[in-house]
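One letter stands for each residue in the lines below.
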Amino acid sequence: YPFFIGVFDDFACRNCHKLPLPAGVSQSTFDQVVDAGTWTVNPWLFNETMASISVGTFFGELLTAMEDVMSAGSAYDGPILRLYGGQDLTIGPLLNCLGAYNGAWPPYAAHLSMELLVNNAGDYFVHLLYNGDEIVVPGCSAICPWSKFISLVGHNALTPAQYATMCGAAGPQGPWSPINAAMYM
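Since this is a predicted model, take the numbers as computed values, not measurements. (Residues numbered from 1 in each chain as written. Predicted model: local features only at pLDDT ≥ 70, side-chain atom pairs only at ≥ 80, totals over all residues. Heavy atoms only, no water.)

What follows deals with the environment of V153. In this structure, V153 sits in helix α5 (residues 146-153). With 15 residues separating them in the primary sequence, V153 and P138 have C-alpha atoms 9.5 Å apart. (Helix = DSSP H or I, 4+ residues; strand = E, 2+ residues; numbered from the N terminus.)

This is the structure we're talking about:
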């Protein structure tokens with residue numbers, strides 16, 4: 001766990017709750033910690049390959065849930081709202097999987113909304129909001145047709161088998177066995 005990330009988390013929480021920074025820490029120091037943390041994390045997690053590895057199976061789960069709604073059509077009787085929790089190191093890679101990561105560390109309490117919309121003709125669309133602001137998948141419009149959306153970002157969704165192949169997992173005794181994985185969490 002890179003040092004600057006932990007320090008940033010503490011400072012960011014204080015900042016968002018309008019609490020003072022620790023004694024001896026100026027706004028300039030806070031800004032330097034943010035810059036150092038961003039520099040540390042960007043190449044590690046916020047490039048497309050690493051984003052797909054870090055959240056690709058979750059991204060796949062989100063897309064599958066949307067596909068389940070579309071395939072059932074009006075007969076769908078599952079949840080109409082799905083709420084997942086994460087953090088900056090989840091939101092950033094998800095934005096990257098969507099082609100919408102701008103290189104800035106996601107702020108404290110950041111949130112991403114993925115809305116599945118349908119028109120009267122039965123065509124499906126995806127609408128994205130990041131911290132309440134509309135985001136656009138590069139190559140699409142704000143209300144992106146499902147087929148276009150999948151063609152642009154679907155490659156970042158991974159099945160568990162694809163994840164295992166990418167990460168070199170060899171089953172229960174592989175490098176990502178539950179015991180070894182715990183060391184990295």
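In terms of nonpolar packing, the biggest core is built from 40 residues, with F59, L112, W146 and F149 touching the most fellow members. Elements with a minimum of two residues in this core: α1 (3-16), α2 (27-45), α3 (48-72), α4 (88-97), β2 (124-130) and α5. With eight residues, α3 is the single largest residue contributor to this core. Ignoring anything within four residues of it in the chain, the contact list for W146 reads L63, M66, E67, M70, L116, Y124, F125 and V126. (Core = buried A, V, L, I, M, F, W, Y, C linked by side-chain atoms within 4.5 Å. Buried < 20%, exposed > 50% of the residue type's maximum accessible area, 1.4 Å probe, protein only. Contact = heavy atoms within 4.5 Å.)

A large share of β2 lies buried, amounting to seven of its seven residues. Burial of the side chains of β2 extends over both faces: Y124, V126, L128 and Y130 are buried on one face and F125, H127 and L129 on the other. Both strand β1 (residues 112-118) and β2 contribute to a ladder of seven bridges, which runs antiparallel. Residue M114 lies in a different strand from β2, and its bridge partner there is L128. Between the end of β1 and the start of β2, which pair antiparallel, lie five residues, with G122 showing a positive phi angle near 85 degrees. Relative to strand β4 (residues 143-145), β2 runs antiparallel, the two sharing three bridges. (Pairing = 2+ DSSP bridges.)

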